[in-house]
Amino acid sequence: MAPNTGLFVGLNKGHIVTKRECPVRPSGRKGLTSKRSHFVKNLIREVAGYAPYEKRITELLKVGKDKRALKVAKRKLGTHKRAKKKREEMATVLRKMRSAGHAGPTEKKK
């Protein structure tokens, strides 16, 4: 937005003032995960693994049925937004698994 002109008519009407810097409120960081909670979440995921519906979503994504994977996720999670997020998360996991598989040794030991 353009700065005020100091005139009381026109598009940018109004008294010229300097913008105050307000301190960051605690509500401003809502939704951000702390280092500790991120670590705990990853540890639990590593130990417990994936839920059956998450495994099904990954299988559907492997076959290439993205829309069906979204429908399964939506049925289990309730909203379209959550389902899209879950499908993207499982696709990321699948990509990581594939890259980890290809990064390893190509020869089999006999």
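Residues numbered from 1 in each chain as written. Predicted model: local features only at pLDDT ≥ 70, side-chain atom pairs only at ≥ 80, totals over all residues. Heavy atoms only, no water.

1. Points about the pattern of salt bridges
This is how it is decided: Here, a salt bridge means any Lys or Arg side-chain nitrogen found within 4 Å of an Asp or Glu carboxyl oxygen.
Following the criterion strictly, the structure yields six salt bridges and no others. With its nearest N and O atoms 2.9 Å apart, the salt bridge here joins Glu54 to Arg45. Through salt bridges with shared partners, one network takes in Arg45, Glu54, Lys86 and Glu89.

2. Side note on a nonpolar patch on the surface
Let me state the cut-off plainly: For patches, a residue must show more than 30% relative accessible area and have no salt bridge; joins then use 9 Å for like charges and 5 Å for nonpolar side chains, namely Val, Leu, Ile, Met, Phe, Trp and Tyr. Using the Shrake-Rupley algorithm and a 1.4 Å probe, accessible areas are obtained, with residue cover drawn only from the displayed protein chains. Runs of H or I in DSSP of at least four residues are treated as helices and runs of E of at least two as strands, each being numbered from the N terminus. Throughout, exposure labels follow a simple rule: accessible area from a 1.4 Å probe, protein chains only, divided by the maximum for the residue type, with under 20% read as buried, over 50% as exposed, and the rest as partly exposed.
Taken together, Phe39, Val40, Leu43, Ile44 and Val47 make up a surface patch of nonpolar side chains, about 490 Å² in accessible area. Here Phe39 is to be found in helix H1 (residues 35–48). Residue Phe39 is classed as exposed on the basis of its relative accessible area, which comes to 53%.

3. Notes on the confidence of the model for the chain
What counts, and what does not: Confidence of the prediction at every residue is given by pLDDT, a number between 0 and 100.
Taken residue by residue, the chain gives an average pLDDT of 90. The fraction at 70 or more is 91%. The element-level mean pLDDT for the chain is lowest in helix H4 (residues 80–103), coming to 91, with helix H3 (residues 66–77) highest at 97.

4. Digging into the packing of helix H2 (residues 52–63) against H3
Packed helices, taken two at a time, are described by the angle between their axes plus the distance between the axes. Quick note on the threshold: What counts as an axis is a line fitted to C-alpha atoms, over the stretch in contact for a helix, and the angles between N-to-C directions run from 0 to 180 degrees. Roughly parallel refers to an angle under 35 degrees, roughly antiparallel to one over 145, roughly perpendicular to one between 65 and 115, and oblique to any angle outside these ranges. Crossing chirality is assigned from the near helix's rotation relative to the far helix, an anticlockwise turn below a right angle marking it left-handed and a clockwise turn marking it right-handed. Any two residues whose heavy atoms approach within 4.5 Å at even a single point are treated as in contact.
The contact between H2 and H3 brings their axes to 8 Å, and the two run at 165°. By the criterion of interaxial angle, the relationship of H2 to H3 is roughly antiparallel. Between H2 and H3 the crossing geometry is left-handed. Residues Tyr53, Arg56, Ile57, Leu60 and Leu61 of H2 form the contact with H3, whose participating residues are Asp66, Arg68, Ala69, Val72, Ala73, Lys76 and Leu77.

5. A short note on the nonpolar core
Applied cut-off: Only buried residues count toward a nonpolar core. Its members are Ala, Val, Leu, Ile, Met, Phe, Trp, Tyr and Cys residues joined through side-chain atoms within 4.5 Å.
By size, the foremost hydrophobic cluster in this structure holds 11 residues: Ile57, Leu60, Leu61, Ala69, Leu70, Val72, Ala73, Ala83, Met90, Ala91 and Leu94. Counting residues per element, the ones that place at least two in this core are H2, H3 and H4. Among residues more than four places away in sequence, those in contact with Val72 are Arg56, Ile57 and Leu60.

6. With respect to H2
The following threshold applies: What a helix should span is 1.5 Å times the count of its residues minus one. This arc is taken over the directions from the axis of the helix to the C-beta atoms.
Its 12 residues give H2 an end-to-end C-alpha distance of 17 Å, which sits within 8% of 16 Å, the value for a rise of 1.5 Å per residue. Looking at H2, one finds that the buried residues are Glu54, Ile57, Thr58, Leu60 and Leu61. In an axial view of H2, the angular spread of the buried residues amounts to 160°, which keeps them on one side of the axis. Residues of H2 that are exposed and point over 90 degrees away from its buried face: Pro52 and Val63.

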